Amino acid sequence: MNETLTFPLSERVTSMAESATLAMAAKAREFKSRGIDVISLSLGEPDFKTPEHIQEGAKKAIDEGKYFAYPPVPGYQDFREAIAKKLREENNIPCEAAHIVVSNGAKQSIANVMQALINPGDEVVVFSPYWVSYTALVELAGGTPVFVEGSIDNDFKATAKQLAEAITSKTKAVIFSSPCNPTGSVFLKEELEAIAEVIKAQDNVMIIADEIYEHINYTGESVSLASLPGMLEKTITVNGFAKGFAMTGWRVGYIAAPEWLAKACTKIQGQFTSANCSIAQRAALTAITSDLTPTYEMAKAYRSRRGMVYELLQQIPGVRVNLPQGAFYFFPDVSSYFGKSNGETTISDSNDFCMYILEKAHVSLVPGAAFGDPNCIRLSYAASEEDLKEAVKRIKTVLSELS
Ligand code: GLU
């Protein structure tokens with residue numbers, strides 16, 4: 001291939017930021033391919049295997065020989081019915097199959113919603129810190145992200161008051177995640193109720209509640225925004241199988257939304273991908289209709305790792321860290337290291353910090369700037385206890401070489 005020939009790419013792609021989580025994971029893989037023993041704490045990916053019975057569900061679907069053709073665009077009817085049942089019974093969201101659209105991961109679910117709702121010039125209020133792809137997906141739809149910011153002092157949770165102040169006549173949607181990626185914060189019932197009041201007062205604003213980490217929640221309280229009075233018609237609930245069922249590679253996400261929006265997302269998906277992989281849907285159907293013990297076991301393991309990593313991170317001088325209430329991330333403030341040097345390299349921001357840690361400690365992290373907070377870094381503790389202990393030890397050692 002003649003690689004010297006170039007062609008002007010679209011402004012859409014040239015102006016778009018690369019996914020920082022995936023970029024950092026690729027960097028870690030590149031280090032590993034050079035024989036370097038990298039501990040990868042960058043990607044939010046369970047280190048568990050997809051539970052056996054879910055794998056069996058996929059094998060059975062292949063053996064039955066009935067699932068080789070295009071599935072219906074929004075997903076198989078029985079799968080959508082099972083999702084609706086789960087949402088009614090576990091999340092108190094009164095919905096039916098007609099409200100459900102199954103996509104290639106929660107990321108595509110959000111992409112569909114943005115494409116269906118947003119016109120150029122529309123604003124989308126994003127609770128910050130936010131997951132890296134929210135802003136890119138808003139911008140790809142021609143929208144403008146507007147941020148409401150939480151800080152480490154209020155557990156990274158922006159308030160309903162901030163939300164009310166950020167809404168303008170151009171606001172079309174709001175997006176947040178709880179439990180939150182990257183901070184692990186969980187919005188409590190009274191905080192969600194206050195957010196709901198703000199949204200209900202707006203005729204033309206929808207809210208996207210990303211609940212992909214619902215099973216990894218240590219508060220003992222799990223409230224879906226759509227279950228609050230008056231919120232069903234205003235909320236798009238996003239969820240999927242990657243985190244709670246260790247199914248990242250299977251790519252199964254879904255929305256529950258008012259029917260007019262579910263139909264619009266189906267129309268978009270029909271042009272982009274036709275549907276989600278048939279066998280992955282059958283595997284996910286097995287997951288959602290089986291006993292959740294494996295999911296609870298994994299959540300228990302994350303909880304115990306959280307406690308261990310919290311203790312260890314607190315022992316690193318200059319690292320300020322909150323105890324996250326859900327998901328599997330720490331989001332410590334490392335800004336006290338900005339301006340410091342080991343004589344060779346100077347750390348000026350969270351990007352430099354992560355590169356220094358990758359090169360010297362061989363641990364991959366993600367810079368907080370990609371999530372809207374340049375003082376922080378994200379560390380995923382979806383890794384073995386042994387790797388986590390070793391990783392934090394290495395981080396501590398190389399940070400002690402900075403002054
Ligand atoms: N949601 C995960 C993360 O934040 C997966 C990677 C991605 O798609 O961004 O690491």
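Everything below is about the structure printed above this text.
What comes next is a walk through the structure. (Residues numbered from 1 in each chain as written. Predicted model: local features only at pLDDT ≥ 70, side-chain atom pairs only at ≥ 80, totals over all residues. Heavy atoms only, no water.)

Okay, the packing of helix H12 (residues 350-361) against helix H13 (residues 385-399) next. Where H12 meets H13, the closest approach of the two axes is 10 Å, and the angle between their N-to-C directions is 105 degrees. Judged on the interaxial angle alone, H13 and H12 are roughly perpendicular. Between H12 and H13, the residues in contact are Phe353, Tyr356, Ile357, Lys360 and Ala361 and Arg394, Ile395, Val398 and Leu399, respectively. Each residue belonging to the contact of H12 with H13 can be placed in one class, and the counts come to 7 nonpolar, no polar and 2 charged. (Axes fitted to C-alpha atoms, helices over the stretch in contact; angles between N-to-C directions. Helix = DSSP H or I, 4+ residues; strand = E, 2+ residues; numbered from the N terminus. Parallel < 35°, antiparallel > 145°, perpendicular 65-115°, else oblique. Contact = heavy atoms within 4.5 Å. Nonpolar A, V, L, I, M, F, W, Y, C, P; charged D, E, K, R; others polar.)

Sheet strands line up and pair through hydrogen bonds in the backbone, either parallel or antiparallel. Strand order in the open sheet formed by 3 strands is S9-S12-S11, and the pairing between neighbours is antiparallel. Every interior strand has two partners, whereas the edge strands, strand S9 (329-330) and strand S11 (366-367), have only one. Pairing analysis gives 2 bridges linking S11 to strand S12 (residues 377-380), with the strands arranged antiparallel. Bridging from a neighbouring strand, Val366 pairs with Arg378 of S12. (Pairing = 2+ DSSP bridges.)

Spatial strand order, S2-S8-S7-S6-S5-S3-S4: 7 strands in an open sheet with mixed pairing. In this open sheet, the two strands that pair with only one neighbour each are strand S2 (100-103) and strand S4 (144-149). Going across the sheet, the axis of each strand differs from the next one's by a mean of 20 degrees, ignoring polarity. The strands touched by helix H4 (residues 77-91) within the sheet are S2 and strand S8 (253-256), with S2 carrying the most contacts at an inclination of about 115 degrees.

Our next topic: the site of the ligand. Taken together, the residues surrounding the ligand are Thr21, Leu22, Leu43, Gly44, Lys107, Trp131, Asn181, Lys243, Tyr329 and Arg378. One of the backbone nitrogen or oxygen atoms of Gly44 is found 2.8 Å away from an oxygen atom of the ligand. For the shell around the ligand, the residue count by class is 4 nonpolar, 3 polar and 3 charged. (Near = heavy atom within 4 Å. Polar contact = N/O pair within 3.5 Å; in protein donor to acceptor, adjacent residues only side chain to side chain.)

Two faces make up the sheet, and in a regular strand the side chains alternate between them. Counting buried positions along strand S6 (residues 206-210) gives 5 out of 5 residues, so the element sits mostly inside the fold. The alternating pattern of S6 places Met206, Ile208 and Asp210 on one face and Ile207 and Ala209 on the opposite face, and all of these are buried. One ladder, built from 5 bridges, connects strand S5 (residues 171-177) with S6; its direction is parallel. The residue of S6 that forms the bridge with Ser177 is Asp210. Read as a crossover between parallel neighbours, the route from S5 over helix H8 (residues 189-200) to S6 is right-handed. (Buried < 20%, exposed > 50% of the residue type's maximum accessible area, 1.4 Å probe, protein only. Right-handed = clockwise from strand over helix to strand, strands pointing away.)

Turning to the pattern of salt bridges, a few remarks are in order. Under the defined criterion, the tally for this structure stands at 20 salt bridges. Glu214 serves as the salt-bridge partner of Lys86, at 2.6 Å between the closest nitrogen and oxygen. Linking Lys86 in helix H4 with Glu214 in the loop between S6 and strand S7 (235-240), this pair joins segments that are 128 residues apart in sequence. For Glu214, a relative accessible area of 11% corresponds to the buried category. Among the ionic pairs, Glu344 bridges to Lys360, the shortest N-O distance being 3.3 Å. Here Glu344 is found in the loop between S9 and H12, whereas its partner Lys360 is found in helix H12, with 16 residues between them in sequence. You can call Glu344 exposed: its relative accessible area is 65%. With a relative accessible area of 36%, Lys360 lands in the partly exposed category. (Salt bridge = Lys/Arg side-chain N within 4 Å of Asp/Glu carboxyl O.)

Keep in mind that these numbers describe shape and distance, not what the molecule does.
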